[in-house]
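# Descriptive analysis of the structure
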Amino acid sequence: MLQLHNTLTNSKVPFTPIEPGKIRLYVCGMTVYDYCHIGHARVMVSFDVITRYLRHAGYEVEYVRNITDVDDKIIKRAAENGEACDQLTERFIAAMHEDERALNVLKPDQEPRATAHMEAIVDMVQTLIDKGFAYAASNGDVYYRVDKFATYGQLTNRKLEGMRAGARVDVNDVKENPFDFVLWKAAKAGEVSWASPWGDGRPGWHIECSAMTKCCLGNHFDIHGGGPDLPFPHHENEIAQSEAANGETFVNYWLHAGAVRVNKEKMSKSLGNFFTIREVLAKYPAEIVRYLLTASHYRSQIDYAEGALVEAQSALDRLYTAMDQLTLVADVSLAGPHLERFNAAMDDDFNTREAIAVLFDMAREVNRLKRDADAGAAKLASQMRGLGNILGLLEMDPQTYLKGQAGEGDLSDAAIDALVAQRNEAKTNRDFALSDQIRDQLKDAGVVLEDSKEGARWKRES
RNA sequence: GGCCGAAUGGCAGAGUGGCCAUGCACCGGAUUGCAAAUCCGUUUACCGCGGUUCGACUCCGCGUUCGGCCUCCA
């Protein structure tokens, strides 16, 4: 029985799909004006794991993640660069796709772009005006009338009266209520714009998602996800827009990922502790980053620090070492007590940490079987890999993983093999002084040796 | 100020009303020419104060501390 934490009720609840066996899932994607950072990576990986697991559990999942490709920041950045908006966004969309592939994040089934849904957006704004939930202001903007939507604040348990006191919103005299938010922004001279009944302009951020969810998934769908900073106001506003315009329940379950901090501080550009995915991937193999993000529960806050990556690497090394030197079979049945534990963990609001603990228990068992030269080792290791694959992990060949990539200035595989051969000869001659000298030399070069009956193996340590 | 979440062993991080989390690190043993890897074993814990209970880290209340959101933000 799948249970998940619903932000709407702020509790863990049993999951029931609208249509048996099918799940329609929408996740708020990126605004593409810069490279994705480690916080984006968390959302990508979290919902990738969730989607993979739901499919493993037998659901047919329609996964939609949008791209916001028109927005103030994009316009500003493009102007600074002296390039066209679409040129800028194409560049960063391509970069985002590269980052995703590196992190082994599967492509969403649909990746709608705001600029490709202008008609739907304008239609929805018009509907909201027609129904009295929106109004065109004197400056050409169109605003949502929050006072008209009785349950505004339901997702984050806020009341408009309570918020007025410490409001940090712009005082803007064209709005009826300071919390009214913009649906359509009148264009300033020279900005990209689209024609509308209220004049040339562009959509507000919130309406894009309401329009795209409607296009891709319909008025009412199962799960809506996003990052930790989206419940208010973004998702609150989506609910207000979609339910007012469509006249029916918008979403059954709201899932939100936890925040990523950096060295115990909030990640922000002003603190200069902002890490892009590509910066991290330049220093660490992508699977280690994915492991780090998967080894914590998706809702928990995590701290990104160098030490955490080093530890993630040690942990992942252990799993790959267990699989090493075995002939793994691809089509092994996963059925058994480990799968049951794994599924039970994942059914409990996607408890990946507990699921990974199952993998480590399997690794210990595999190592025992290997020690006893038991033929069951390969089968169990294959099952372990199969479970890891459900999380998008353990997809590499163990030797390829352990040997790693030669970085700049590192010894090549061939050079290492030559030294290892030289050492083997020294060992055979019981020339341990030379043998140890070569081993030390390799260690200094970041290569660790492991002797075994079958000969010496090596791996790179970053 | 409002809403929400968290406080677990050296670190990271799950979980449960009474019994092993798991990983990293540490210590002892096995194995090894010595290592590495691996196995076996030991040690270290549940923020404070009340309450419920035969029994609470686990439930309830209060307090303290920390964090997220309340403005664009994953």
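The structure reproduced in this document is the subject of the present report. This one's a predicted model, so the numbers in the text were calculated from it and none came from an experiment.

Thresholds, definitions, all that
- Residues numbered from 1 in each chain as written.
- Chains lettered and ligands numbered in written order.
- Predicted model: local features only at pLDDT ≥ 70, side-chain atom pairs only at ≥ 80, totals over all residues.
- Heavy atoms only, no water.
- Pairing = 2+ DSSP bridges.
- Helix = DSSP H or I, 4+ residues; strand = E, 2+ residues; numbered from the N terminus.
- Axes fitted to C-alpha atoms, helices over the stretch in contact; angles between N-to-C directions.
- Contact = heavy atoms within 4.5 Å.
- Near = heavy atom within 4 Å.
- Polar contact = N/O pair within 3.5 Å; in protein donor to acceptor, adjacent residues only side chain to side chain.
- Nonpolar A, V, L, I, M, F, W, Y, C, P; charged D, E, K, R; others polar.
- Salt bridge = Lys/Arg side-chain N within 4 Å of Asp/Glu carboxyl O.
- Buried < 20%, exposed > 50% of the residue type's maximum accessible area, 1.4 Å probe, protein only.
- Core = buried A, V, L, I, M, F, W, Y, C linked by side-chain atoms within 4.5 Å.
- Parallel < 35°, antiparallel > 145°, perpendicular 65-115°, else oblique.
- Left-handed = near helix turned anticlockwise from the far one by under 90°.
- Phe/Tyr/Trp six-rings, centres within 6.5 Å; stacked < 30°, edge-to-face > 60°.

### Some remarks on the sheet that holds strand S4 (residues 60-65)
- With respect to topology, 4 strands assemble into an open sheet ordered S4-S3-S9-S10, the strand pairing being parallel. Since the sheet does not close on itself, it has two edges, and those belong to S4 and strand S10 (251-256), each with one partner. With strand direction ignored, the average angle separating the axes of adjacent strands in the sheet is 20°.
- One ladder, built from 3 bridges, connects strand S3 (residues 22-27) with strand S9 (residues 221-226); its direction is parallel. Residue pairing for S9: Val27 is matched across the bridge by Gly225.
- Lying over the sheet, helix H1 (residues 38-56) contacts S3, S4, S9 and S10, oriented at roughly 165° with respect to S4.

### What to know about the protein's contact with RNA strand B
- Trp205, Gly227, Gln301, Arg371 and Arg439 are the nearest of the 58 residues found near RNA strand B.
- When atoms of RNA strand B within 4 Å of the protein are split into backbone and base, the sugar-phosphate part holds 67%.
- Asn10 places a polar side-chain atom, nitrogen or oxygen, 2.7 Å from a sugar or linking oxygen of RNA strand B.
- At 2.5 Å, a side-chain N or O of Glu311 approaches a base nitrogen of RNA strand B.
- Here the element with the most residues in the surface near RNA strand B is helix H12 (residues 352-371); it accounts for 9 residues.
- Of the residues assigned to the surface near RNA strand B, the class counts are 17 nonpolar, 20 polar and 21 charged.

### Quick look at the pattern of salt bridges
- This structure, assessed with the given rule, holds 29 salt bridges.
- Here Arg52 and Asp48 are joined by a salt bridge, their closest N and O atoms 2.8 Å apart. Taken together, the residues Arg52 and Asp48, both in helix H1 and 4 residues apart, mark about one turn of the helix. The same class applies to Arg52 as to Asp48, namely buried.
- Two residues, Glu80 and Lys76, come together in a salt bridge whose shortest N-O distance is 3.4 Å. With Glu80 and Lys76 both in helix H2 (residues 72-81), this residue pair falls 4 residues apart, about one helical turn.
- Residue classification places Lys76 among the exposed residues on the basis of a relative accessible area of 56%.
- In the salt-bridge network here, residues are joined through shared partners; they are Asp34, Lys76, Arg77 and Glu80.

### With respect to the pairing of strand S7 (residues 182-186)
- Looking at chain direction, strand S6 (residues 142-144) and S7 are connected through 2 bridges and run antiparallel. Each residue of the ladder has a partner; that of Tyr143, found in S7, is Val182.
- Inspection of the sheet shows S7 paired to strand S8 (residues 201-203) by 3 bridges, in the antiparallel sense. Among the inter-strand pairings, Trp184 is bridged to a residue of S8, identified as Pro203.

### Quick notes on the nonpolar core
- Counting 87 residues, the largest nonpolar core has Leu54, Ile223, Leu255, Tyr291, Phe350, Met384 and Leu394 as the members making the most contacts within it.
- Looking at this core, the element that brings in the most residues is H1, giving 10 residues.
- In this structure, Ala134, Phe179, Cys209 and Ile239 belong to the second largest nonpolar core, which totals 41 residues.

### Observations concerning the packing of helix H15 (residues 413-428) against helix H16 (residues 432-444)
- Viewed as axis vectors pointing N to C, H15 and H16 meet at an angle of 160°, and their least axial separation amounts to 8 Å. On the basis of the axis angle, H15 is roughly antiparallel to H16. When the axes of H15 and H16 are compared, the crossing they make is left-handed. Between H15 and H16, the contacting residues are Ile416, Leu419, Val420, Gln422, Arg423, Ala426 and Lys427 on the first element and Phe432, Leu434, Ser435, Ile438, Arg439, Gln441 and Leu442 on the second.
- Here the residues of the contact of H15 with H16 are counted per class, giving 8 nonpolar, 3 polar and 3 charged.

### Structural notes on the packing of aromatic side chains
- Across all of its chains, the model carries 14 aromatic pairs by this definition.
- Each ring, one from Tyr135 and one from Tyr143, has its centre 6.0 Å from the other, and the planes form 35°; the classification is tilted. Considered together, Tyr135 and Tyr143 belong to a single accessibility category, that of buried residues.
- Note on Tyr144 and Phe181: the rings are 5.0 Å apart at their centroids and 10° apart in plane angle, and the pair reads as stacked. Here the residue Tyr144 occupies a position in strand S6, and Phe181 occupies one in the loop between helix H5 (160-165) and S7, the gap between them amounting to 37 residues.
- Judged by relative accessible area, Tyr144 falls into the buried class, the value being 0%.

### Some points on the sheet that holds strand S12 (residues 265-266)
- Taken in spatial order, the 3 strands of this open sheet run S12-S11-S13, and their pairing is mixed. Edge positions in the sheet fall to S12 and strand S13 (302-304), since each of these pairs with one other strand and no more.
- In this structure, strand S11 (residues 260-262) lies alongside S12, joined through 2 bridges in antiparallel fashion. Within the sheet, the bridge partner assigned to Val262 lies in S12 and is Glu265.

### Focus: the environment of Val329
- Residue placement: Val329 occurs in the loop between helix H10 (306-323) and helix H11 (337-347).
- Classification of Val329 by relative accessible area gives partly exposed; the value is 38%.
- When the C-alpha positions of Val329 and Tyr304 are compared, they lie 35 Å apart, and in sequence the two are 25 residues distant.
- If sequence neighbours within four positions are ignored, Val329 has contacts with Ser382 and Arg385.

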